[in-house]
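An overview of the molecular structure
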Amino acid sequence: MEGQHYGGNEFPGPGDSATIFNKRMKTFRGKHMKLAVRSALVAGLLMTVALPSAFAEDKAEDAVKYRESLMDVVGGHTKSFFAILGGKVSHPDDLAWHADSLAEASKRVKGAFAQSTAGSGVKTEAKDGIWAAGSEFPKLAGDFETAAANLSAAVKSKDQAAIGAAAKAIGASCKGCHDKFKVD
Ligand code: HEC
């Protein structure tokens, strides 16, 4: 019963005669072993990505890059949100996605700034006061989370007045924190 194999007749199988088996094995190696090796390499790569411990101290310049990238995500969604809301672009279906993504990103701001880079000498627009005793930063970051969650809920409600009010509150939240903790 030669030739009765799962993917046509290219794979070696139990019913093969020795000659056919060897022939098929050769094709199989040529075609599929490279792929198998590549998959193994990828798996290896994934395994060598170390999972950092929760309290790891990152290099200051990496910590700064990471939080600035997060703020760029925040900034991107906010700009796009306001462009749609203000009628400058016609992508109404994307409004909820921007609001939801902003709400997700906002949850990460507090954590992204948890590591102090004060006095590290790394170029940043974050003021050292963020990490001073009694800093208002965690509270402002928490308020921002609430404002972004409210915006996301307002968009779902489709209530124009609520969306307008929540959008205004978001703007105020960005400005409030930047005025205090970001170098212009
Ligand atoms: C709780 C404080 C806080 C809130 C709220 C906040 N930001 Fe920021 N943001 C900062 C700080 C601090 C920096 C400077 C980070 C740095 O340079 O290390 C920053 C940086 C940025 C940057 C520049 C990132 C870069 O690549 O250097 C953008 C864009 C930005 N924020 C947009 C926004 C927008 C838009 C909002 C509101 C939707 C917002 N931020 C809300 C604190 C905040």
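Residues numbered from 1 in each chain as written. Predicted model: local features only at pLDDT ≥ 70, side-chain atom pairs only at ≥ 80, totals over all residues.

1. Comments concerning the site of the ligand
- The ligand sits among 23 residues. The nearest are Met71, Gly75, Glu125, Cys174 and Cys177.
- Listing elements by their share of the shell around the ligand, those giving two or more residues are helix H2 (60-85), helix H5 (137-157) and helix H6 (160-181).
- Broken down by element, the residue count for the shell around the ligand peaks at eight residues, all from H2.
- The residue makeup of the shell around the ligand, split by class, is 13 nonpolar, five polar and five charged. (Near = placed C-beta within 6 Å. Helix = DSSP H or I, 4+ residues; strand = E, 2+ residues; numbered from the N terminus. Nonpolar A, V, L, I, M, F, W, Y, C, P; charged D, E, K, R; others polar.)

2. What about the confidence of the model for the protein chain?
- Summary statistics for the protein chain give a mean pLDDT of 86 and a share of 71% for residues scoring 70 or more.
- Confidence drops under pLDDT 50 across residues 1-5; counting only partners more than four residues distant or on other chains, this segment forms nine contacts. (pLDDT = per-residue confidence, 0-100. Contact = placed C-beta atoms within 7 Å.)

3. Some remarks on the environment of aspartate 62
- Note on placement: aspartate 62 falls in helix H2.
- Classification of aspartate 62 by C-beta neighbours within 10 Å gives exposed; the count is 12.
- Remark: the alpha-carbon pair of aspartate 62 and valine 122, spanning 60 residues in sequence, is separated by 9.6 Å. (Buried ≥ 20, exposed ≤ 12 C-beta atoms within 10 Å, placed from the backbone.)

4. Observations concerning H5
- With 21 residues, H5 ought to run about 30 Å at 1.5 Å a step, and its terminal C-alpha atoms sit 30 Å apart, in line with that.
- Of all the residues in H5, the buried ones are Ala141, Phe144, Ala147, Ala148, Leu151, Ala154 and Val155. With its buried residues spanning 140° around the axis, H5 presents them on a single face. Summarising the geometry of H5, the exposed residues directed more than 90 degrees from the buried face are Lys139 and Ser157.
- Of the surrounding secondary structure, the elements contacted by the buried residues of H5 are helix H3 (95-106), helix H4 (109-112) and H6.
- Looking at the residues trailing H5, positive phi occurs at lysine 158, about 60°. (Expected span 1.5 Å × (residues − 1). Arc of directions from axis to C-beta.)

5. Some points on unusual backbone geometry
- Here the phi dihedral of lysine 158 falls at roughly 60°; this positive angle occurs in a residue that is not glycine.
- Topologically, lysine 158 is positioned in the loop between H5 and H6.
- Owing to 10 C-beta atoms within 10 Å, lysine 158 belongs among the exposed residues under this scheme.

6. Topic: the nonpolar core
- Counting residues in each nonpolar core, the largest one holds 21 residues, and the members touching the most others are Ala99, Leu102, Ala148, Leu151, Ala166 and Ile170.
- Of all the secondary-structure elements, those providing two or more residues to this core are H2, H3, H5 and H6.
- No other element matches the seven residues that H5 contributes to this core.
- Every residue in contact with alanine 99, bar those within four places of it in the chain, is listed here: Phe81, Leu151, Ser152 and Val155. (Core = buried A, V, L, I, M, F, W, Y, C linked by C-beta atoms within 7 Å.)

7. Some points on H6
- In a regular helix each residue adds 1.5 Å, so 22 residues correspond to 32 Å; H6 covers 32 Å between its end C-alpha atoms and thus fits that length.
- Among all positions in H6, only Ile163, Ala166, Ala167, Ile170 and Ser173 are buried. The buried residues of H6 all sit within an arc of 115° when viewed along its axis, so they share a single face. Along H6, exposed side chains directed more than 90 degrees from the buried face belong to Ala161, Gly164, Lys168, Ala172, Lys175 and Asp179.
- Those residues of H6 that are buried lie in contact with H2 and H5.

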